[in-house]
Amino acid sequence: MPATPSRPPGPRSSQPPAPRAHSGSRRDEAARLAVLHAADDLLVEHGFGALTVEAIARRAGVSKQTIYRWWPSKVEILLDTLVEDIGKQLPVPAGKPTAEAVRRYLRGYARFLTRDPAGKVLLALLAEAQHDPATAALLHERHLGPRRRQERELLTRAVEAGEITPALAPDAILDALLGPVTYRALTGASIPRGLVDVLVDGLLRPRSG
């Protein structure tokens, strides 16, 4: 993947994630953010296979021992990066549950995967999960499961409001909406704007007028 310039450490969210059970001693917030920034920068620059805790430590300006006190592996670092950034960059709509809200969300998802460093993190973790059961379990626990529940609730509210008439059950609809977008991103293909419209109009059958 092409190199991108490193970003200086800075706040990613006004609400830092709650400490996790494995966090060890109290984290220094500046160091924590530096590690998260370093991890996704290095992932974009060099890919998952070449990403090491040693490299993250050098880029973040912290010791390797400090990182291991806070995170057991690079996968856990990347998951913290993903969960924090996607919550800020791509929240599931909580307002009026319209077909247009779903359409905007799907377009935002496409942009997130193709333009945001944390989108590259998600793609890398999805790829790694295909042959590492531990990564698959963590990804589902920390991101895929909670996000799917929010997305399902969005669709349910839109149905109850009479805004959409889905052709399939909620989970199948989500797979059919998100699957083609994710597949194109995983294979490095562009995601045409018209694809989202075809998916939304064909699968959700929005209310006309």
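Further up the page is the structure itself.
Note that the coordinates shown come from a computational prediction; the quantities given were computed from them, not determined experimentally.

### Considering the packing of aromatic side chains
Centre-to-centre distance and the angle between the planes together describe a pair of aromatic rings.
Logical step 1: Enumeration according to the criterion identifies 1 aromatic pair in this entry.
Logical step 2: Judged by centre distance (5.6 Å) and plane angle (75 degrees), the rings of Trp70 and Trp71 are edge-to-face. For the pair shown, Trp70 and Trp71 are each scored as buried.
Logical step 3: Stacked on the ring of Phe48, the Lys or Arg Lys74 has its end atom at 4.1 Å from the ring centre.

### Brief notes about the pattern of salt bridges
Logical step 1: This model, assessed by the stated rule, comprises 15 salt bridges.
Logical step 2: Notably, a salt bridge pairs Glu84 with Arg32, separated by 3.1 Å at the nearest N-O pair. In this pair, Glu84 sits in helix α4 (residues 74-89) while Arg32 sits in helix α1 (residues 29-46), placing the two residues 52 residues apart along the sequence. A single burial state applies to Glu84 and to Arg32, both of which are buried.
Logical step 3: Residue Lys64 pairs with Glu54 through a salt bridge whose shortest N-O separation is 3.3 Å. Here the residue Lys64 occupies a position in helix α3 (residues 64-70), and Glu54 occupies one in helix α2 (residues 53-60), the gap between them amounting to 10 residues.

### Describing helix α9 (residues 193-204)
Logical step 1: Taking 1.5 Å of rise per residue, 12 residues should cover 16 Å, and α9 covers 17 Å from first to last C-alpha, within 8% of that figure.
Logical step 2: Within α9 the residues assigned to the buried category are Val196, Leu199, Val200, Leu203 and Leu204. End-on, the buried residues of α9 take up no more than an arc of 95 degrees, which puts them together on one face.

### A few points about unusual backbone geometry
Logical step 1: Unlike most non-glycine residues, Arg205 shows phi in positive territory, near 45 degrees.
Logical step 2: You can see Arg205 is positioned in the segment after α9.
Logical step 3: Owing to a relative accessible area of 42%, Arg205 belongs among the partly exposed residues under this scheme.

### Structural notes on the environment of Glu54
Logical step 1: Classification of Glu54 by relative accessible area gives partly exposed; the value is 35%.
Logical step 2: Spatially, the C-alpha atom of Glu54 lies 9.2 Å from that of Ile67, the residues being 13 residues apart in sequence.
Logical step 3: At 3.3 Å, the side chain of Glu54 forms a polar contact with the side chain of Lys64.

### Description of α2
Logical step 1: Of all the positions in α2, only Val53, Ala55, Ile56, Ala57 and Ala60 are classed as buried.
Logical step 2: Gly61 occupies a position one or two residues after α2 and carries a positive phi of about 75 degrees.

### Considerations on the environment of Val75
Logical step 1: For Val75, the location among the structural elements is in helix α4.
Logical step 2: We classify Val75 as buried; its relative accessible area is 8%.
Logical step 3: Residues Val75 and Leu139 lie 64 residues apart in sequence; the distance between their C-alpha atoms is 9.0 Å.
Logical step 4: Apart from the residues lying within four places of it in its own chain, the contact partners of Val75 are Phe48, Leu125, Thr135 and Leu138.

Conventions used here
Residues numbered from 1 in each chain as written. Predicted model: local features only at pLDDT ≥ 70, side-chain atom pairs only at ≥ 80, totals over all residues. Heavy atoms only, no water. Phe/Tyr/Trp six-rings, centres within 6.5 Å; stacked < 30°, edge-to-face > 60°. Buried < 20%, exposed > 50% of the residue type's maximum accessible area, 1.4 Å probe, protein only. Lys NZ or Arg CZ within 6 Å of the ring centre and 35° of its normal. Salt bridge = Lys/Arg side-chain N within 4 Å of Asp/Glu carboxyl O. Helix = DSSP H or I, 4+ residues; strand = E, 2+ residues; numbered from the N terminus. Expected span 1.5 Å × (residues − 1). Arc of directions from axis to C-beta. Polar contact = N/O pair within 3.5 Å; in protein donor to acceptor, adjacent residues only side chain to side chain. Contact = heavy atoms within 4.5 Å.

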